[in-house]
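Per-entry structural report
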Amino acid sequence: MKSLSLNQLYKACVLKDLPFKTTRQLEPLAEIVGQNRAQAAVRFALAMPHGGYNVYAVGRNGLGKRTMMLRYLEHHVDTENQSHDWCYVANFEEPRIPRVLQLPAGKGTELKQDMEKLMGRLMKMIPQTFDSDSFLERAEQLKNGYAKKQEDELEKVAAQARRKKVSLNITTPGGYRLVAMNGEEPHTAESFQALTEAQRDKFENDINKLEKKLRQALRKLADWEQEYAESQQALNEETLESISGHQIDELIEKYRDMPEVVSYFEEVRKDLSESLEIFLEDNEEQAAIAYASLDKKMPRRYLVNVLVHQKTDEVPVVVEDNPTYHNLFGYVESVTFKGSVFTDFSLIRPGSIHRANGGYLLMDAIKVLEQPFVWDGLKRALRSKSIQINSLERELTLSGTISLEPEAIPLDVKIVLFGDRETWMLLQEYDPEFAELFRVTADFENEMMRTDESQLLYAKFIASLVNEKKLLHCSNKAVARVIEHSSRMAEHQDRLSLHAADIANLLRESDYWARQAGAKLIQNSHVDQALESAQYRSSRIRDQFYDSIRDGTTLVSTTGTCVGQVNALSVLSTGGFEFGLSNRITATCYYGDGGVMDIERDVKLGGNIHSKG
């Protein structure tokens, strides 16, 4: 055994291998250094148009998995996919199933504003028009015409009755009675009985015939009443069309390239005439609900609920840090009005999967698995390629109240999960659907080889961190010191650690000490000071152990010889800080009982199979 030289113990970084003076002269890297394998996997998965090619990024925390994904997506824009706005509107035929509208990016808010302007104008113009003299005059003429026909028809029957000495009397609204007359007065029971039998039979026959004619007249009245209602409805529709028709036509022309929106406007046109009373009555309930739900005061059935609004055509990239069921899949809000709970399509709220639709959704695998029902819901959405908004209460079957069932939204999204290897192996083992839905594994490296080329690449990586974190630039000596520390983190002279979080923390602390000293660059002395400061903050337990050796509490002999006793070195780790500690190992020897001993069996490291003879 021979001692190692200083060069063998520590591999210093040669400055001539770093052809720059400061990191200001280096071009920052657009991607994470040393992760070629993971980048190839991500590139393949995101370019694959078929379903199931979602990504599970494997690696311990701090390797820059999320940073690499965000940088890759930022510099590799998908020009084939287009982002869309998604809106929910009323389904006038089936109110419990709101309709969904897909629009180009930015058009959702525009549609909402157009509908608000239209309803704002109609809320003013409809009451004014239906209270105007011209409309009231036409409605009165229509009503008088019906009343005149009604009176004329009843007068015919009444005239025939009078000729037969029978009176036609109105008993209740819509009810009529034929009464035999005794001169100017109706017959009483006594006077009617005083008549001869022939006279009584004549009255009865006359009344029976008149009743038949009266029934015929009443049938005519019912038909005319229906005609009057239809005529009044036609007048309302004609008047309403004169107010709203041209405005709706303008909107149809504006959105003529969107068939679903045009169909919705036609349904609005039809529903306006059927829901005219909404505009003619001062509905305090609508105003109260609008106030409670933070909406504008306008007929709620004509609201446009912009679920997802994309400001640009760029493909959305969404990072969900808290993937609860509601945060991911959306939910339906409710408001309380007069002690009862109310909801409608305008209270549907989106989840992150809605905002990422057509793009990419990044989440932490552990957080997804920790939340109840989220993992099953995510798999269900990926399998069906649609997003269905279901309340968590219905998933738990805790509530049987009437709720909404919004139309499902087509789903086209790439999911990227970040997690460790243990979680990945558990999912592979116990969830058969995982391998079908996450077919691509991006395996992130912990280390990279240390060569002259990789050192220069690492220097560019340091420059990118400096620019991203807005730190002071580093001198070449400071970069060399960071590279040497990276090799120490990798515990290998010819390796460099790819733990980007630790390197970023070291640069931040070096920047702090440089600014404290009033320097304009981070020098190697500042890096050393940052390392020493971090070591001092974490070394209390180590110092206590060392003090116990100094004061003789822990016995360690470093001179002389002793039979059955050696010194050994153990490495202890306390919260990320590692240090060496000397230990005394002693052995006691004595005569045995003459038998054969299996040490592995006695210390329970071997069983029957391993212990023979």
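Residues numbered from 1 in each chain as written. Predicted model: local features only at pLDDT ≥ 70, side-chain atom pairs only at ≥ 80, totals over all residues. Heavy atoms only, no water.

Some words on the packing of aromatic side chains
Inspection of the entire model under this criterion finds 14 aromatic pairs. Each ring, one from Phe92 and one from Tyr264, has its centre 6.3 Å from the other, and the planes form 10°; the classification is stacked. Of the two residues, Phe92 sits in the loop between β2 (84-89) and β3 (99-104) while Tyr264 sits in helix α8 (residues 259-274), which places them 172 residues apart along the sequence. Feature note: the residues Phe92, Tyr255, Tyr264, Phe265 and Tyr302 constitute an aromatic cluster, connected by ring pairs. Of note, Arg301 hangs over the ring of Tyr302, and the distance from its end group to the ring centre comes to 6.0 Å. Here the basic side chain of Arg439 rests over the ring of Tyr53, its NZ or CZ set 5.2 Å away from the ring centre. (Phe/Tyr/Trp six-rings, centres within 6.5 Å; stacked < 30°, edge-to-face > 60°. Helix = DSSP H or I, 4+ residues; strand = E, 2+ residues; numbered from the N terminus. Lys NZ or Arg CZ within 6 Å of the ring centre and 35° of its normal.)

A word on the nonpolar core
Nonpolar side chains in soluble globular proteins tend to end up buried together. Judged by nonpolar contacts, the single largest core of 72 residues is most densely connected at Met115 and Phe265. Top element by residues in this core is helix α4 (residues 107-130). It accounts for seven residues. Ignoring anything within four residues of it in the chain, the contact list for Phe265 reads Leu111, Met115, Ile248, Leu251, Ile252 and Tyr255. Val42, Tyr458, Cys474 and Ile503 belong to the second-largest nonpolar core, a separate cluster that totals 54 residues. (Core = buried A, V, L, I, M, F, W, Y, C linked by side-chain atoms within 4.5 Å. Buried < 20%, exposed > 50% of the residue type's maximum accessible area, 1.4 Å probe, protein only. Contact = heavy atoms within 4.5 Å.)

A few points about the side chain of Ser454
Considering the arrangement of structural elements, one finds Ser454 in helix α18 (residues 452-469). Leave out the neighbours within four places in its chain, and Ser454 touches Met448, Met449 and Leu496.

What about the packing of α4 against α8?
Put simply, α4 and α8 touch, their axes get as near as 13 Å, and they point 15° apart. Between α4 and α8, the interaxial angle falls into the category roughly parallel. Like other packed secondary-structure pairs, α4 and α8 cross with a definite hand, here right-handed. Residue-level contacts link Leu111, Met115, Met119 and Leu122 of α4 to Val261, Tyr264, Phe265, Val268 and Leu272 of α8. (Axes fitted to C-alpha atoms, helices over the stretch in contact; angles between N-to-C directions. Parallel < 35°, antiparallel > 145°, perpendicular 65-115°, else oblique. Left-handed = near helix turned anticlockwise from the far one by under 90°.)

Some words on the sheet that holds strand β17 (residues 440-443)
The strand order β8-β13-β16-β1-β17 describes an open sheet built from five strands, whose pairing is parallel. Strands at the two margins of the open sheet, each flanked by one partner only, are β8 (317-320) and β17. Adjacent strand axes in the sheet meet at a mean angle of 20° when their direction is disregarded. Both strand β1 (residues 55-58) and strand β16 (residues 414-419) contribute to a ladder of four bridges, which runs parallel. Following the sheet pairing, Val55 is matched in β16 by Val416. Relative to β17, helix α2 (residues 36-47) is tilted by about 155°, and along the sheet it contacts β1, β13 (360-364), β16 and β17. Here helix α3 (residues 65-75) sits on the sheet in contact with β1, β8, β13 and β16, set at roughly 155° to β16. (Pairing = 2+ DSSP bridges.)

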